[in-house]
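# Secondary and tertiary structure notes
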Amino acid sequence: MEPRLSVLICSGTGCASNKSMEVMDALRKEIATRGLEQEVEVVQTGCQGFCAVGPIVYVQPDDVFYQQVGVKDVPRLVEEHFLKGRPYKDKLYVPPMGGMPIPKLMDIPFFKSQVLVALRNKGLIDPEKIEDYIARDGYQALARVLTEMKPEQVIECVTKSGLRGRGGGGFPTGVKWASARKASGDIKYVLCNGDEGDPGAFMDRSIMEGDPHSVLEGMCIAAFAVGSSQGYVYVRKEYPLAVQRIEVAIEQAREFGLLGKDILGAGFDFDVEVRRGAGAFVCGESTALMASIEGNPGEPRAKYIHTVDAGLWNRPSCLNNVETFANVPMILQRGWEWFSSIGTGDVSQDPWGGSKGTKVFSIAGDVNNTGLIEVPMGTTLREIVFDIAGGLPEGKRFKAVQTGGPSGGFLPESLLNLPVDFDRLVEAGSMMGSGGMVVLGHDKCMVDSAKFFIDFTADESCGKCTPCRIGSKIMLQSLEKISEGKATEEDVEQLERVAHEVANLSLCGLGKSAPNPVLTALRYFRDEVMAHVHEKRCPAGECKALITYSIDAGKCTGCTLCAKNCPTDCITGERKAAHAIVTDRCIKCGSCKIVCNFDAVVVQ
Amino acid sequence: MQKILQIVEKWGGRKDCLIEMLHDVQTEYNHLPESALRVLSARLSVPLTQITHVATFYASFSLVPKGDTRLRVCMGTACYQKGGNRILEALERELKVKSGEVTPDGEFSLESARCIGCCGIAPALVVDDDDVFGKVNPTKMKKFVADIKKKKQAGKQSAAEA
Ligand SMILES: Cc1cc2nc3c(=O)[nH]c(=O)nc-3n(C[C@H](O)[C@H](O)[C@H](O)COP(=O)(O)O)c2cc1C
């Protein structure tokens, strides 16, 4: 008997850290107790995307979405929904601005405007079961490719689709594959970049954890197209679950004859191995990644010889990003016409002429609906931040959205109507990067935020080329001076000059794009930066050297909570009387502000 | 020694798998002991300088022992924006060590982590390799550390009893 209901539980890292696996066990037990095992199946899925409201439970075919489900909610949920057949009201999604609960997933604004291509199986399959992937038409594209198509036809299809690399640079995938096919050499490699080093990004993690076969199928198709029989997936070590899921998927694909020798009896061989990164951001860069797979330090090299000609072990190598590969089976299955009908521009003459298909973004920071989304290229920043991500939490005003991680920039309110695609973002001084978006509210300081990214770059610079190694340090020092209120106008000028030099002279993309956060902070938020210089003031109240904490005696009720939580015991005052902060002992840790229930702590 | 040879064997003695072997050594010993690196060098015929170059290039490896329990505070963009640095500072005060150091009793090491990809539940921290805690509050770090100690104590006791 087919079960009448499927209960899908998210086991992505976000939900799992909120104990979703305990909820799953409780559900299984409760369902068994009620004798419903034959009727209701429980499935553990990968990341569902809506991390803000986890643990998430989704019931099919009813399309009912439950949020923040705890173990204690399980008995009522099972009784109401699975026995009595009505949604369990207490755990339905309620919009952050208030309103009626929304039972159906497809009616929830966060999901409504999404178009799922790379994330087509998101939250719908058990990532450790190849049968689930196959049941949703998985490996059909590969079968067609191997039995009906020539490599050239595959490349033509991918080129015409307008697919561009999702790893950041936006290089046309079909063009890369064509060069790799043409490159001379018996042994060629297909490599998958799962390094995802951009802080603030987790889409590749979710794909690898939630739908690993989509990546393997994409790699296999690429291998057939370029003529390769060996592949590697390079995954950062910080993603242990992704490593495990990919390894399980490889094993299963081998068992099913979808990897290994003579795949599907078509006389084509291809196998894949996993290599773990070791905590170096620069290893996301193509030549550094290849050095790392070889077992060497991940230092990039100049690319006057392209990696498609001489990459891993000096052999032709075709490197694509996780999400790029996940798109490939869909393009071959539904046709390039379908794919290129989504997105911006025109790629019929020039593969760089537009951005086609969808893009997955991870959206985090000061928004109500943090999580993972997939939208057509060309969706505006406003739609993403306000319609899908639900805008900023109460009391916060929009200041900027940061795209592209350390390689990208800050985009201000005036650019909210910008359609998001590869080229528009670059024009605005930012970058698609791998698709991280972090929203900053009015209380975030641009100097501090730029410093955060340059600190990252200075730390992650591999040190091989001088402009990046020294330049990032100089930029960091200038930003520190600014945030301490010690900078002059000349310091700002120097910062700007060095930023341009680092961008122009660095060896690899890390240094070339590292100045973007600084340059966009100066381009769009100059007044705020200059307030630190001229008035020695941090308008957002974040730069520690320029702020003081005090207590508004009018608002303070004397509850003593702040004094109890102060790590340096610098808050004085009697119970039920207004408290005060002894400024010279205050370390500005912010604990008092976090715990105060009366908004009485003032930062100036 | 036996362990190291097993690790070399697991990776087929392949030089290009050096980084994978170092991961396994690090997991086994909580750091990369010099003796282990010497064995790898001899077995793989890779000069010790080359192995040290790799071992010191990558942030995942450490030549000195890490604490029994590793606390890693995420400093990815989303976590930073939501006060990740405050979490780190609170733990520095609680454990009386700086980020990157180990407590004198060897019980804890404190580190900042590059984005761990849990931006949806920022700010986050990881205990050891894969125990993720989301939406952590800097004012609750005292209890957080105490709870870990308690749990470990209980674990040791039950292990001793068994
Ligand atoms: C410093 C640096 C870090 C990078 N990190 C990543 C990464 O984490 N993931 C990724 O897919 N590409 C990353 N890239 C881009 C890759 O070099 C490469 O362009 C990409 O993997 C190619 O695949 P695609 O064409 O499918 O995008 C990085 C580039 C640079 C310069």
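What counts, and at which threshold
- Residues numbered from 1 in each chain as written.
- Chains lettered and ligands numbered in written order.
- Predicted model: local features only at pLDDT ≥ 70, side-chain atom pairs only at ≥ 80, totals over all residues.
- Heavy atoms only, no water.
- Domains from an automatic or database assignment.
- Buried area = accessible area lost by both parts, 1.4 Å probe.
- Salt bridge = Lys/Arg side-chain N within 4 Å of Asp/Glu carboxyl O.
- Contact = heavy atoms within 4.5 Å.
- Polar contact = N/O pair within 3.5 Å; in protein donor to acceptor, adjacent residues only side chain to side chain.
- Helix = DSSP H or I, 4+ residues; strand = E, 2+ residues; numbered from the N terminus.
- Nonpolar A, V, L, I, M, F, W, Y, C, P; charged D, E, K, R; others polar.
- Axes fitted to C-alpha atoms, helices over the stretch in contact; angles between N-to-C directions.
- Parallel < 35°, antiparallel > 145°, perpendicular 65-115°, else oblique.
- Left-handed = near helix turned anticlockwise from the far one by under 90°.
- Near = heavy atom within 4 Å.
- Areas by Shrake-Rupley, 256 points an atom, 1.4 Å probe, with all protein chains shown as cover.
- Pairing = 2+ DSSP bridges.
- pLDDT = per-residue confidence, 0-100.
- Buried < 20%, exposed > 50% of the residue type's maximum accessible area, 1.4 Å probe, protein only.

To continue, consider the domain arrangement of chain A. Residue and element names in this part refer to chain A. Partitioning chain A into domains gives domain 1 (5-108), domain 2 (130-351), domain 3 (357-441), domain 4 (446-534) and domain 5 (548-603). Placing a centre on the C-alpha atoms of domain 2 and another on those of domain 4 gives a separation of 34 Å. Around 830 Å² of area is buried between domain 2 and domain 4 when both sides are counted, 78% of it from carbon and sulfur atoms. For domain 2, the biggest contributors to the area lost against domain 4 are Pro-199, Phe-281 and Pro-300; these three give 53% of the whole. In this assembly, domain 2 and domain 4 are joined by zero salt bridges.

Opposite the 45 residues of chain B that make contact, chain A presents 62 residues. Taking both partners together, chain B and chain A bury about 4200 Å²; carbon and sulfur atoms supply 52% of that area. Taken together, chain B and chain A are joined by seven salt bridges. Where A:Glu273 meets B:Arg14, a salt bridge forms, and the shortest distance between an N and an O atom there is 3.7 Å. At the surface where chain B touches chain A, the tally comes to 24 residue pairs in polar contact (both at pLDDT 80 or more). Breaking the side of chain B that touches chain A down by element, the ones donating at least two residues are α2 (18-29), α4 (48-57), α5 (77-81) and α6 (84-95) of chain B. Ranked by residues supplied to the side of chain B that touches chain A, first place goes to α2(B) with five residues. Considered class by class, the residues forming the side of chain B that touches chain A number 19 nonpolar, twelve polar and 14 charged.

Each pair of packed helices gets described by two things: the angle between the helix axes and the distance between those axes. Residues and elements named next belong to chain A. Between helix α19 (residues 489-505) and helix α21 (residues 516-524), the shortest axis-to-axis distance is 9 Å and the interhelical angle comes to 135°. One element, α19, and the other, α21, form an angle in the oblique class. In this structure, the crossing between α19 and α21 has a hand that is left-handed. Counting all contacts with α19, which are made through Val-492, Leu-495, Glu-496, Ala-499 and His-500, the residues of α21 involved are Val-518, Leu-519 and Leu-522. Along the lines of polarity and charge, the residues of the contact of α19 with α21 split into six nonpolar, one polar and one charged.

The subject of this paragraph is the environment of A:Asp569. Residues and elements named next belong to chain A. Mapped onto the elements, Asp-569 comes out in the loop between α23 (561-565) and β17 (571-572). For Asp-569 and Val-282, which are 287 residues apart along the polypeptide, the C-alpha to C-alpha distance reads 43 Å. Not counting residues up to four positions away in its chain, the partners in contact with Asp-569 are Ala-563 and Arg-585.

Before going further, it helps to examine the side chain of A:Ser478. Secondary-structure assignment places A:Ser478 in helix α18 (residues 466-483). Residue contacts for A:Ser478: discarding those within four places in its chain leaves A:Asp491, A:Gln494 and A:Leu495.

It is worth spelling out the site of the ligand at this point. All names here are of chain A. Gly-167, Asn-193, Glu-196, Asn-321 and Thr-324 are the nearest of the 18 residues found near the ligand. One of the side-chain nitrogen or oxygen atoms of Asn-193 is found 2.9 Å away from an oxygen atom of the ligand. Gly-284 is positioned with one of its backbone polar atoms (N or O) 3.2 Å from a nitrogen atom of the ligand. Calculation on the ligand without its partners gives an accessible area of 610 Å², and the protein chains cover 88% of this total. Every element with two or more residues in the shell around the ligand is listed here: β8 (317-321) and α20 (509-513).

For the rest of this paragraph, the subject is the sheet that holds strand β3 (residues 57-60) of chain A. Whenever strands of a sheet pair, they do so through backbone hydrogen bonds, lying parallel or antiparallel. All names here are of chain A. With respect to topology, four strands assemble into an open sheet ordered β2-β1-β3-β4, the strand pairing being mixed. Taken across any chain shown, the strands that pair with only one partner, and hence form the sheet edges, are β2 (40-45) and β4 (64-66). Ignoring strand direction, the axes of neighbouring strands in this sheet form an average angle of 20°. Judged from the three bridges that link them, β3 and β4 form a sheet pairing that is antiparallel. Bridge pairing in β4 places Val-59 opposite Val-64. Of the strands in this sheet, β1 (5-10), β2 and β3 touch helix α2 (residues 20-33), which is tilted by about 160° from β1.

Backbone torsion omega between A:Gln60 and A:Pro61 reads 0°, so that peptide bond is classified as cis. Along the chain, A:Pro61 falls in the loop between β3 and β4. In the segment running from B:Ala122 into B:Pro123, the intervening peptide bond is cis, with an omega of -10°. Assignment of secondary structure puts B:Pro123 in the loop between β2 (108-113) and β3 (125-127). For A:Gln68, which is not glycine, the phi dihedral falls at a positive 45°. Tracing the backbone shows A:Gln68 in the loop between β4 and α3 (74-83).

Per-residue pLDDT for chain B has a mean of 92; in total, 99% of the residues score no lower than 70. Interface confidence for the predicted complex, given as ipTM, is 0.91, next to a pTM of 0.94.

So, about the pattern of salt bridges. All names here are of chain A. Per the counting criterion, the structure on display carries 52 salt bridges over all chains. Put simply, Asp-126 and Lys-129 hold a salt bridge, and the shortest N to O gap is 3.8 Å. The class for Asp-126 is buried, based on a relative accessible area of 13%. Look at Lys-129 and you get partly exposed, because its relative accessible area is 41%. In this structure, the salt-bridge partner of Glu-148 is Arg-144, at a minimum N-O distance of 3.3 Å. Remark: Arg-144 and Glu-148 occur in helix α6 (residues 140-148); sequence separation between them is four residues, near one turn of the helix. A residue is classified by how much of its surface remains accessible, and Arg-144, at 34% relative accessible area, is partly exposed.

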